[in-house]
Amino acid sequence: MSEGLIKKRKIKLNTAYISIYATVGLFLVLFIGGSILYSGFFSLQVFSNLFIDNAYLIVIAIGETFTILTAGIDLSVGAMIAFVSMITASLLKDGVNPFLVIIIVLIVGIIFGTVQGVLIQKFNLHPWIVTLAGMFFARGASYLISINTITIDNYIFSSISRFRIPIAPGTFTSINVIISLLVVVSAIYLLKYTRFGRTIYAIGGSENSAMLMGLPVAKTKILVYTFSGFCSALGGLLFTIYTLSGYGLHCNGTEMDAIAACVIGGILLTGGFGYAIGPLFGVLTTGIIQSLIMFNGTLNSWWTKIAVGMLLFIFIVLQRVIVIRNERKFVKQ
Amino acid sequence: MQREVNKVEEKNENSILKRFYKSSIFWPLVCLILLLIFNLIINPGFLNIKIKSGHLFGDLIDILNHSVPLMLISLGMTIVIATQGIDISVGSIIAISACVSATILASSGSVIMAIIAGIVVGVICGMWNGMLVSFIGVQPMVGTLILYIVGRGVAQLITGGQILTFTNKSFIFIGTGYIVVPFAVYIAIACVLLIYFIMRKTALGLFVESIGVNSTASRYSGINAKKIIFSLYVICGILAGIAGIIICSNIKSADANNAGLWMELDAILATVIGGTSMNGGRFYLGGTVVGALFIQTLTTTVYSMGVAPEVILVVKALVVIAVCLLQSPNFRRIFIKKSKAVGSNYKVEKVAKV
């Protein structure tokens with residue numbers, strides 16, 4: 001009996017991490033493959049650049065993870081980046097203190113997320129529809145500010161953007177990366193060690209059961225969207241610092257990239273299953289595909305989309321296999 | 001509000017009005033009419049329809065013409081949403097179908113071949129989605145997400161990143177031609193009637209609703225849900241393919257990046273405004289048609305007001321939230337509670353007077 005229990009636990013651990021193992025394995029294969037094929041690919045800087053180029057995506061993918069874990073979704077993240085970049089750029093142009101701008105922008109993100117959460121929870125609207133409307137609203141609102149690109153020449157922003165942190169000889173990273181990694185670490189902590197995090201998993205597993213258990217479902221669901229709004233505002237700030245410009249068409253379709261990163265990182269879209277570290281690897285994997293295509297030089301950039309789509313397909317089928325296996329095991333028991 | 005309704009009910013004993021008020025198409029239609037009246041106030045010549053060389057011209061005809069692609073994909077979206085599904089890849093299918101038919105047209109010059117190719121693309125894309133959703137059992141949103149991402153890449157691959165233009169007159173006729181009213185309108189009418197016939201005059205519509213309400217129960221009652229869901233995605237793909245042909249013929253070019261961009265969102269909006277719930281079950285084809293017309297009218301209104309076209313996104317967002325709130329039972333409960341309170345006060349007053 002006890003032997004059986006131990007066995008079961010072992011198998012369970014395996015299936016829980018199998019998607020992440022697969023992603024990490026794929027990442028390593030791609031990195032090694034790239035290093036063999038292209039000279040100059042195997043360097044710490046290329047690896048570091050993956051983080052530098054995708055810092056904003058990591059942050060918004062973490063926010064997306066929280067919503068997906070409660071079996072919801074946030075489609076407004078890409079548009080929020082554009083909106084935040086526009087607010088930041090226009091406020092800086094008007095000579096507002098940069099630190100004040102950062103605070104304003106983060107508050108805007110929090111309010112935006114909370115409103116979406118309230119609409120979804122209190123009025124029982126479908127997260128798809130609400131965040132879709134949020135996406136429209138954010139994109140449209142950024143055009144209301146201006147239709148043209150606004151460049152940022154603020155001293156503090158550009159010095160943050162240019163600041164290089166040496167991590168090894170000949171290799172550097174940026175402040176953005178540090179911030180995004182901090183977000184990842186705090187997300188792991190939130191999900192694994194706090195009551196809030198475990199409530200999220202419970203809601204994702206079964207909202208009714210969570211409610212019957214007396215968990216604060218309504219509060220948690222609203223907070224999840226608040227967190228996602230905060231993450232997308234922070235991601236927008238990182239993106240603005242990275243590109244030093246505001247434009248209403250920034251990050252068109254990034255919400256899908258974030259969702260793809262979550263799926264590749266082993267977050268089940270039915271909710272309640274997955275780890276916060278997963279999206280990080282998801283982003284890195286899609287990032288390395290992009291660098292591979294860049295190093296190749298002859299392939300067009302649309303191959304990235306096709307490759308990411310195919311990856312998505314493979315991982316979704318993998319997820320299905322895991323779920324079906326678990327169901328069969330459940331039936332057997 | 002409630003009081004007014006009561007009055008209407010008291011006054012009109014004939015049940016037609018009552019039935020019309022209760023029918024699902026009532027609110028979308030009211031919204032559409034309000035929008036048209038709003039347009040009439042801004043632009044008094046809005047409803048004018050002129051006859052030039054046997055063809056009808058006017059803002060209304062324009063709206064009708066431009067709403068055709070949206071109407072087609074909204075119909076597909078409606079029947080898919082009725083099974084608790086969703087197809088977010090329709091925009092990408094439009095892009096692929098537009099690019100394929102333009103490429104075939106450029107290489108072979110045959111209009112019929114181009115049209116068939118566009119529809120075949122729709123069938124293949126629909127089969128891919130349907131296979132993922134029904135046979136592999138992936139969630140609809142995720143399953144169609146793949147094609148959403150890959151689709152535009154494939155479309156660009158087909159055209160080599162170029163915008164293909166063409167001058168074939170008979171192909172352009174599909175999107176711009178006139179036989180009293182624009183030719184595309186006939187296509188839309190044909191498709192609407194066909195879908196209506198399939199869904200309401202055969203058992204398929206009932207099957208779809210039963211799958212949407214409870215797929216397990218429908219399986220126990222002997223409905224092959226997998227096959228039906230698969231065929232619905234194929235129908236949705238075909239409609240998107242036709243929409244792709246119309247769009248590319250209307251602008252005389254195939255643009256892999258912009259053909260059908262944001263269309264999937266508009267289609268979802270049209271469906272929701274039409275009264276079909278995102279949770280599946282009952283679906284309303286008439287409501288969807290009105291919803292599509294509503295969205296196109298909204299777009300035209302914003303354009304004609306001289307506001308920057310990008311701002312329409314904000315308007316759409318607010319309208320959608322408002323419509324969804326009106327449909328939400330929770331919101332209605334709060335609303336009705338208040339009006340009921342008012343209503344009972346009214347009765348009390350009446351009694352007191354007596």
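As the structure is a computational prediction, the values presented were derived from the model and not from experiment.

Quick look at the overall build of chain A
Then, number 1: Helix and strand counts for chain A come out as 13 helices and 4 strands.
Then, number 2: Here chain A has a C-alpha radius of gyration of 21 Å; the compact-globule value for 333 residues is 20 Å, and the two agree.
Then, number 3: In terms of principal-axis extent, the alpha carbons of chain A reach across some 70 × 55 × 35 Å.
Then, number 4: With 333 residues in all, chain A has 54% of them scored as buried.
Then, number 5: In chain A, of all internal contacts separated by at least 6 residues, the share reaching a separation of at least 24 is 78%.
Then, number 6: In the structure as shown, chain A presents an accessible area of about 14900 Å², 67% of it carried by carbon and sulfur atoms.
Then, number 7: The averaged location of the 10 negative side-chain charges in chain A is 13 Å from the averaged location of its 21 positive side-chain charges.

Observations concerning the overall build of chain B
Then, number 1: A count of helical and extended segments in chain B gives 17 helices and 6 strands.
Then, number 2: Classification of the 354 residues of chain B by burial places 50% in the buried group.
Then, number 3: In chain B, once contacts between residues fewer than 6 apart in sequence are set aside, the share between residues at least 24 apart is 75%.

Topic: a nonpolar patch on the surface
Then, number 1: A cluster of nonpolar residues, I33(B), L34(B), I37(B), F38(B), I41(B), I42(B), M305(B) and V307(B), forms a patch on the protein surface that exposes about 730 Å² of accessible area.
Then, number 2: Within the secondary structure layout, I33(B) lies in helix α3 (residues 26-42).

Section: the confidence of the model for chain B
One rule of thumb: low pLDDT means the predicted coordinates there are not for detailed reading.
Residues and elements named next belong to chain B.
Then, number 1: When pLDDT is averaged across chain B, the result is 83; 89% of the residues are at 70 or more.
Then, number 2: Within the model, pLDDT remains below 50 along residues 346-354, and this stretch shows 2 contacts once partners closer than five positions in the same chain are excluded.
Then, number 3: Scored as a complex, the prediction yields pTM 0.82 and ipTM 0.76.

What to know about the packing of helix α11 (residues 204-213) of chain B against helix α13 (residues 225-250) of chain B
Geometry of a packed helix pair, given as the angle between the helix axes and the separation of the axes.
Residues and elements named next belong to chain B.
Then, number 1: Contact pair α11 / α13: the axes reach a minimum separation of 11 Å and the direction vectors enclose 105°. The angle between α11 and α13 places the two elements in the roughly perpendicular class. Residues L204, F207, V208 and I211 of α11 form the contact with α13, whose own contacting residues are A225, I228, I229 and L232.
Then, number 2: Considered class by class, the residues forming the contact of α11 with α13 number 8 nonpolar, no polar and no charged.

Overview of the interface of chain B and chain A
Then, number 1: Contacts between the two partners involve 46 residues from chain B and, on the opposite side, 37 residues from chain A.
Then, number 2: Carbon and sulfur atoms make up 85% of the area that chain B and chain A hide from each other, which totals about 3900 Å².
Then, number 3: Interface area lost by chain B to chain A is led by M141(B), I149(B) and W262(B), which between them contribute 14%.
Then, number 4: On inspection of chain B and its partner chain A, the count reaches 0 salt bridges.
Then, number 5: On the surface where chain B and chain A come into contact, there are 2 residue pairs in polar contact (both at pLDDT 80 or more).
Then, number 6: Elements with a contribution of two residues or more to the side of chain B that touches chain A: α7 (111-136), α8 (140-159), α14 (263-273), α16 (312-327) and α17 (329-353) of chain B.
Then, number 7: Top contributing element to the side of chain B that touches chain A by residue count: α8(B), with 12 residues.
Then, number 8: Across the side of chain B that touches chain A, the residue classes break down as 33 nonpolar, 9 polar and 4 charged.

Focus: the side chain of T276(B)
All names here are of chain B.
Then, number 1: Mapped onto the secondary structure, T276 falls in the loop between α14 and α15 (285-304).
Then, number 2: Of the residues examined, T276 reaches a relative accessible area of 1% and is grouped as buried.
Then, number 3: Separated by 3.2 Å, the side chain of T276 and the backbone nitrogen of Y284 make a polar contact.

Some points on α8(B)
Residue and element names in this part refer to chain B.
Then, number 1: Here α8 is 20 residues long and its end C-alpha atoms lie 29 Å apart, about the 28 Å a rise of 1.5 Å per residue gives.
Then, number 2: By the largest-angle criterion, V150 marks the main kink of α8, which is about 35°.
Then, number 3: With 17 of its 20 residues buried, α8 lies for the most part within the structure.
Then, number 4: G160 occupies a position one or two residues after α8 and carries a positive phi of about 65°.

Some words on the pattern of salt bridges
Then, number 1: One pass over the structure, following the stated rule, counts 4 salt bridges over all chains.
Then, number 2: For E207(A), the salt bridge goes to K221(A), with nearest N and O atoms at 3.2 Å. Of the two residues, E207(A) is situated in helix α9 (residues 207-212) and K221(A) in helix α10 (residues 217-243); the sequence distance between them amounts to 14 residues.
Then, number 3: Residue classification places K221(A) among the buried residues on the basis of a relative accessible area of 12%.
Then, number 4: Each of the salt bridges in this network shares a partner with another, and the network as a whole consists of R200(B), E209(B) and R282(B).

Describing unusual backbone geometry
Comment: phi is negative for the bulk of residues other than glycine, and the bulk of peptide bonds are trans.
Then, number 1: Backbone geometry at N124(A) places phi at a positive 55°, although glycine is not the residue there.
Then, number 2: With respect to the secondary-structure elements, N124(A) resides in the loop between α4 (98-122) and α5 (127-145).
Then, number 3: Residues other than glycine seldom take positive phi values, yet Q84(B) does so here, at roughly 65°.
Then, number 4: Its place among the elements puts Q84(B) in the loop between α5 (68-81) and α6 (90-108).

Conventions used here
- Residues numbered from 1 in each chain as written.
- Chains lettered and ligands numbered in written order.
- Predicted model: local features only at pLDDT ≥ 70, side-chain atom pairs only at ≥ 80, totals over all residues.
- Heavy atoms only, no water.
- Helix = DSSP H or I, 4+ residues; strand = E, 2+ residues; numbered from the N terminus.
- Rg over C-alpha atoms; globule rule 2.2 N^0.38 Å.
- Buried < 20%, exposed > 50% of the residue type's maximum accessible area, 1.4 Å probe, protein only.
- Contact = heavy atoms within 4.5 Å.
- Areas by Shrake-Rupley, 256 points an atom, 1.4 Å probe, with all protein chains shown as cover.
- Lys, Arg positive; Asp, Glu negative; His and termini not counted.
- Charge placed at Lys NZ, Arg CZ, Asp CG, Glu CD.
- Patch = residues over 30% accessible without salt bridge, like charges linked within 9 Å, V, L, I, M, F, W, Y side chains within 5 Å.
- Salt bridge = Lys/Arg side-chain N within 4 Å of Asp/Glu carboxyl O.
- pLDDT = per-residue confidence, 0-100.
- Axes fitted to C-alpha atoms, helices over the stretch in contact; angles between N-to-C directions.
- Parallel < 35°, antiparallel > 145°, perpendicular 65-115°, else oblique.
- Nonpolar A, V, L, I, M, F, W, Y, C, P; charged D, E, K, R; others polar.
- Buried area = accessible area lost by both parts, 1.4 Å probe.
- Polar contact = N/O pair within 3.5 Å; in protein donor to acceptor, adjacent residues only side chain to side chain.
- Expected span 1.5 Å × (residues − 1).
- Bend = angle between axes of the 7 residues up to and from the residue.

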